[in-house]
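Architecture and fold: a report
Residue-level listing of the chains:
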Amino acid sequence: MARRLGAAGIKTVVSVATEYGALVLEEAGLGESVRVMHGRMTDEEMEKAIREATPEIVVDATHPFAVEASENIRRAAEMAGVPYLRLKRNTKDSPDKKVFRFSDISDVIPALTRTTGNILLTTGVNTLQEFAQNEALRDRLFVRVLPGEESLKKCEEAGIRGRQIIAMQGPFSQEMNRATIHAYDIRHLVTKQSGKSGGFSEKIFAAQETETAVYIVGAPEEDGVPYADALDRLGELFHIDLRDTVTITVSLVGMGPGAKEYLTEEAKKAINEAEVLFGSKRMVEAYASGKKVFPYYRGEEILPKLEQLLWEARQGDPHVHAAVLLSGDSGFYSGASALVFYLTNWRRRMLLSETGKMKMQIRTIPGISSVQFMAARLQDHWENAYVTSLHGTEETTWENVLKRIPYEKRTYLLTSGPADVKRLRKWIEAQENPEDYCMYAGYQISYPEEIIFTMEGERPSIGAEDAKRVPFPDILPEGLYTVMIRNNSPEEREKWSDRQVLAGIPNDEFLQERGIPITKEEVRTVAFGKLRITEPAVIYDIGSGSGSFSAELGRLLMHSEIYAVEKEPDRAELVRRNVHHLEAKRVTVVEGEAPECLEQLPPPTHVILGGSEGKLLLILQELFRKAPNARVVITAVTLDTKAELTQLLSGTLLTEYTIQDAEYVEINVSRSVKLGRYQSLKAENPVAILSFRFGRRPGA
């Protein structure tokens, strides 16, 4: 508060009791408008100091436990005829595991005498004598005090010496608290419920993490106003906005396969520091103690709650630490990519609105993917495996996956549950040589009830000595499964010499319907050249229309995945028919509207963007977020889209990205038609083609 008043140029006097306190404040850079005075004062001295300073208001910012000092300040201000404002600290609740609460210091001492092990006191030197005079406790005490002369003197008077004294300036991080607990072999931690500004949460979470018992002396009930309200009152008094900038940190946490022991240290830290948790009910319940919990993990569900938290932060504590718990790894078929898109746009919207000052940080913390875990359980490697997800996919994706398995030595699949596993097993049994396949379905992997259901052919070659393996039962339990299929005799892929390898399939080779446009073969040929495809590739054909791009690419490419994205059902059906008609095996039709339907697709290496329905910039933003190294080719017929391409080229659009290696060409094609005895030329619509790579705008 003193720093904020000083920055606003408001003359402020800050009174502290000790010389060390004055030194800390002077080093804090409070500004020329702030004067620091130190020394303990009687009621009369307080009144005199207030009269001499002639302030507009007296703010009582003492510790919640300094009840007597607070009453003296109130009385002195009243005697001096100056308005008094009590600043009330946020003393939020704490977890319940191994936590004991007391109303007074004197109640803690008998409880500690019934225990064994070292004790860390973080209650300050004024309470030290009460603990140290108990001989059963004195030698077990380790006290953390300020590194000032007065504190050290009081330790000596209480009989606390040498290694029992930890003289340090706080507040302390969770890591520092954890290190202290380990270094001094602490079994019991005593703290006052001093609130967030006193480092209370960091102490509690470090104790929880190290399974140290916590003894909390609850803050006395008191009148007063929270920090944000106090700033508002001072702002009204001095006709200035003193409000803090609200800082929101959202961590997208990959939780790994599920069991707590497989969480990364960074994930544990993010969860411990968060006051708010989002995620599926199963995930958040395990970490709910002492936190706000919302059983949501979709962007459209999370954002309204974030707006509520933002509003609450403006009324109170201006810091929000939230974590979204996501299964597996944040970058592997995870909802994290969609959430980054939602959160980034929400942040931009909030910054542009007149809702007050705000900063927002979005962090992504990776975890162990279920494929990594499954490979480890099977004592297998997966660097050359075919890896994909069947979770919630369409029938066309299933067809493409089943077509590919015969060519792969190893296939790892994420599934939606036992129905998918049963279908995969039936497919293997229906093959000409089912004995060539081994199938492993990991159920509840990493949890105590983990089982790997196994169907092995003639040549099982997986170790898995440590995993519980059983044959497939008639009925599989409900839950999510990770499947590994081993193919001991993979088929050879088709040779390039057996296929057409040049672009330019004639237009009349495609199935066509009235009202559904088809990209002409000359445009397709130029666009393919501008894509500069190298295999293997992941290609999006957005606004696929009749599917001519996707179908031709599916004929040309052997080791790539092509996703034909089309929102109109009749057009999507025509794409499917053309894919089937031309035997384009590498194509998956995605029926949905971009950019929303792109969330669950793997990141692309190349993109062809045709119809965008006025959402060109939104689609490009999502593509940049999802695949900042992708090469993009946009085809445009309408003047509106061509105007947007011109703006992209000029760099005048306010985007997070720039475009690099840009090439803009316009194709005018005339085709011969027969008019009676003569041949004439009929012009096609001119088509603009813009090709480029993304670049990040400096400072974005």
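Residues numbered from 1 in each chain as written. Predicted model: local features only at pLDDT ≥ 70, side-chain atom pairs only at ≥ 80, totals over all residues. Heavy atoms only, no water.

1. Considerations on the overall build of the protein chain
Across its full length, the protein chain holds 23 helices and 30 strands. For 700 residues, the compact-globule estimate of 2.2 N^0.38 gives 27 Å, and the C-alpha radius of gyration of the protein chain, at 34 Å, exceeds that figure by more than 25%. Burial status across the protein chain gives 47% buried among its 700 residues. Side-chain charges in the protein chain split into 87 positive and 101 negative, and the spacing between the mean points of these groups amounts to 2 Å. (Helix = DSSP H or I, 4+ residues; strand = E, 2+ residues; numbered from the N terminus. Rg over C-alpha atoms; globule rule 2.2 N^0.38 Å. Buried < 20%, exposed > 50% of the residue type's maximum accessible area, 1.4 Å probe, protein only. Lys, Arg positive; Asp, Glu negative; His and termini not counted. Charge placed at Lys NZ, Arg CZ, Asp CG, Glu CD.)

2. Remarks on unusual backbone geometry
In this structure, the amide linkage connecting glutamate 535 to the following residue, proline 536, adopts the cis form with an omega of -5 degrees. With respect to the helices and strands, the residue proline 536 is situated in the loop between helix H19 (521–531) and strand E22 (538–542). Note the cis peptide between alanine 594 and proline 595, where omega equals 10 degrees. Here proline 595 shows up in the loop between strand E24 (587–591) and strand E25 (606–609). The phi torsion at aspartate 185 lies on the positive side, around 50 degrees, for a residue other than glycine. Residue position: aspartate 185 is located in the loop between helix H9 (174–183) and strand E9 (186–192). By relative accessible area, which is 40% here, aspartate 185 ends up partly exposed. Its identity is not glycine, yet aspartate 661 carries a phi of approximately 50 degrees, on the positive side. The topology assignment puts aspartate 661 in strand E27 (residues 657–667).

3. Brief notes about the packing of H19 against helix H20 (residues 548–556)
In the contact formed by H19 and H20, the axes pass within 11 Å of each other and the chain directions differ by 60 degrees. One way to sum up the angle between H19 and H20 is to call them oblique. The way H19 lies across H20 gives a crossing that is right-handed. Contacts from Arg524, Ala527 and Phe528 in H19 reach Ser548, Phe549, Glu552, Leu553 and Leu556 in H20. (Axes fitted to C-alpha atoms, helices over the stretch in contact; angles between N-to-C directions. Parallel < 35°, antiparallel > 145°, perpendicular 65-115°, else oblique. Left-handed = near helix turned anticlockwise from the far one by under 90°. Contact = heavy atoms within 4.5 Å.)

4. Some details on the environment of alanine 111
Relative to the helices and strands, alanine 111 resides in helix H5 (residues 105–113). For alanine 111, a relative accessible area of 13% translates into the label buried. When sequence neighbours within four positions are dropped, the list of residues in contact with alanine 111 reads Phe102 and Tyr215.

5. Side note on the nonpolar core
Residues Tyr540, Ile542, Leu598, Leu620, Leu623, Ile634 and Leu648 are the most contacted members of the largest nonpolar core, which totals 29 residues. Going through the elements one at a time, E22, strand E23 (561–566), E25, helix H22 (616–626), strand E26 (631–636), helix H23 (639–650), E27 and strand E30 (687–696) are the ones with two or more residues in this core. The element best represented in this core is H22, accounting for five residues. Ignoring any residue separated from it by four or fewer positions in sequence, one finds isoleucine 634 in contact with Leu609, Leu616, Leu620, Leu645, Leu648, Ala688, Ile689, Leu690 and Phe692. (Core = buried A, V, L, I, M, F, W, Y, C linked by side-chain atoms within 4.5 Å.)

6. Some words on the packing of aromatic side chains
Under the counting rule described, the total for this entry stands at 18 aromatic pairs. With a centroid separation of 5.6 Å and 80 degrees between ring planes, the pair formed by phenylalanine 692 and phenylalanine 694 is classed as edge-to-face. Comparing phenylalanine 692 with phenylalanine 694 shows no difference in burial state: the two are buried. Put simply, the rings of Tyr443, Phe453, Phe472 and Tyr481 touch in pairs and so form one group of aromatic residues. One cation-aromatic arrangement involves arginine 404 over tyrosine 386; the distance from NZ or CZ to the ring centre is 3.9 Å. (Phe/Tyr/Trp six-rings, centres within 6.5 Å; stacked < 30°, edge-to-face > 60°. Lys NZ or Arg CZ within 6 Å of the ring centre and 35° of its normal.)

7. Re the pattern of salt bridges
Counted under the stated rule, the structure contains 30 salt bridges. Each of Asp43, Glu71, Arg74, Arg75 and Glu78 takes part in a single network of salt bridges with overlapping partners. (Salt bridge = Lys/Arg side-chain N within 4 Å of Asp/Glu carboxyl O.)

8. Some words on the side chain of serine 691
With respect to the helices, strands and loops of the structure, serine 691 is situated in strand E30. Leave out the neighbours within four places in its chain, and serine 691 touches Lys530, Arg631, Val632, Val633, Asp661, Ala662 and Glu663.

9. Looking at the sheet that holds strand E10 (residues 213–217)
Spatially, six strands are ordered E5-E10-E9-E6-E7-E8 in an open sheet, and the strand pairing comes out parallel. A strand with exactly one partner marks an edge of an open sheet, and here the two such strands are strand E5 (99–102) and strand E8 (165–167). The sheet shows a mean angle of 20 degrees between the axes of neighbouring strands, direction not considered. Strand contacts of helix H10 (residues 200–209): E5, strand E7 (141–145), E9 and E10, with the helix running at about 160 degrees to E9, the strand carrying the most contacts. (Pairing = 2+ DSSP bridges.)

10. Brief notes about the packing of H9 against H10
It is at 8 Å that the axes of H9 and H10 come closest, and there the two elements cross at 50 degrees. As judged from the angle between their axes, H9 and H10 are oblique. Crossing of H9 over H10 shows right-handed handedness. Of the residues in H10, those touching H9 at Gln174, Asn177, Arg178 and Ile181 are Glu202, Lys203, Phe205, Ala206, Ala207 and Glu209. Considered class by class, the residues forming the contact of H9 with H10 number four nonpolar, two polar and four charged. (Nonpolar A, V, L, I, M, F, W, Y, C, P; charged D, E, K, R; others polar.)

11. Observations regarding helix H12 (residues 265–273)
Here H12 has its buried residues at Ala267, Ala270, Ile271 and Asn272. Where the residues of H12 are buried, they touch H9, H10, strand E11 (246–254), strand E12 (276–279), strand E14 (319–326) and strand E15 (358–365).

12. Some details on the confidence of the model for the protein chain
Residues with a pLDDT of 70 or more make up 93% of the protein chain, whose mean pLDDT is 85. Long-range and interchain partners of residues 495–501, a stretch whose pLDDT sits below 50, account for 16 contacts in this model, where long-range means more than four residues apart. (pLDDT = per-residue confidence, 0-100.)

13. Here's the deal with the environment of glutamate 301
When you line up the elements, glutamate 301 lands in helix H14 (residues 299–315). When the C-alpha atoms of glutamate 301 and proline 506 are compared, they prove to be 48 Å apart, with 205 residues separating the residues in sequence.

14. A short note on the side chain of asparagine 578
Mapped onto the elements of the fold, asparagine 578 is located in helix H21 (residues 569–581). Excluding its chain neighbours within four sequence positions, the residues that come into contact with asparagine 578 are Phe510, Leu511, Ser546 and Ala551.

15. As for the pairing of E7
Across the five residues of E7, five count as buried, placing the element largely inside the fold. A two-sided burial pattern is seen for E7, the buried positions comprising Leu141, Val143 and Val145 on one face and Phe142 and Arg144 on the other. Pairing of strand E6 (residues 118–121) with E7, which is carried by three bridges, proceeds in the parallel orientation. Within the sheet, the bridge partner assigned to isoleucine 119 lies in E7 and is leucine 141. Looking at chain direction, E7 and E8 are connected through three bridges and run parallel. Within the sheet, the bridge partner assigned to valine 145 lies in E8 and is alanine 167. For the crossover that starts at E7, traverses helix H8 (residues 149–157) and ends in the parallel E8, the hand is right-handed. (Right-handed = clockwise from strand over helix to strand, strands pointing away.)

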